Amino acid sequence: MKPGIHPAYRPVVFRDKAGGFAFLTRSTLTSDRTVEWEDGRSYPVVDVEISSASHPFYTGTARVLDTAGRVERFEKRYGSSRGGARREGR
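Residues numbered from 1 in each chain as written. Predicted model: local features only at pLDDT ≥ 70, side-chain atom pairs only at ≥ 80, totals over all residues. Heavy atoms only, no water.

### A look at the overall build of the protein chain
Counted only if it meets this: Secondary structure elements are taken from DSSP: a helix is a run of H or I of four residues or more, a strand is a run of E of two residues or more, and numbering for both begins at the N terminus. A simple rule labels every residue: compare its accessible area, found with a 1.4 Å probe on the protein chains alone, to the largest value its type can have, and call it buried under 20%, exposed over 50%, or partly exposed in between. Here the Shrake-Rupley method, with its probe set to 1.4 Å, supplies the accessible areas, and only the displayed protein chains count as covering residues.
Secondary structure summary: the protein chain contains two helices and four strands in total. Across the 90 residues in the protein chain, those meeting the buried criterion constitute 13%. Of the accessible surface of the protein chain, which amounts to about 8,000 Å², a share of 51% is contributed by carbon and sulfur atoms.

### Thoughts on the pairing of strand 1 (residues 10-16)
Here is the rule we go by: By this definition, two strands are paired if DSSP reports at least two bridges between them.
Direction of pairing for strand 1 relative to strand 2 (residues 21-27): antiparallel, over a ladder of seven bridges. Within the sheet, the bridge partner assigned to Pro11 lies in strand 2 and is Arg26. The antiparallel hairpin formed by strand 1 and strand 2 contains four residues in its connecting segment, where Gly20 sits at a positive phi of about 70°. Examined bridge by bridge, strand 1 and strand 4 (residues 42-48) share four bridges and lie parallel to one another. The residue of strand 4 that forms the bridge with Val13 is Val45.

### Regarding the sheet that holds strand 4
Strand pairing in a sheet relies on backbone hydrogen bonds. The paired strands run either parallel or antiparallel. The condition is simple: In this analysis an axis means a line fitted to C-alpha atoms, helices contributing only their contacting stretch, and an angle means the value between N-to-C directions, from 0 to 180 degrees.
Strand order in the open sheet made by the four strands is 2-1-4-3, with mixed pairing throughout. Of all the strands in the sheet, the pair left with one neighbour each is strand 2 and strand 3 (34-36). Geometrically, the sheet is characterised by an average inter-axis angle of 45° between neighbouring strands, direction not taken into account. Two strands pair when backbone bridges link them, and strand 3 and strand 4 are joined in this way by three bridges, in the antiparallel orientation. Of the residues in strand 4, the one forming a bridge with Val35 is Tyr43.

These figures capture arrangement, not role.
Here it is, written out as structure tokens:
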């Protein structure tokens, strides 16, 4: 790597505001706020809106969409693309 052109890569705490979950990792993000971590050291903290601790996909609370019903409604409204007449010249 070329020296002097890359941002500092250091430990940062990411804190999920919705789930009350925090994890320590390395990042180039900066923050004016700090938090004392479990090891007794102080690290910059970045608050995030959502993480794997609060995202519906990862927590198992995701809604299942009725995709078949949506497709049927679309085909009923606009016609089916299956077996329909094709435009000439294509």
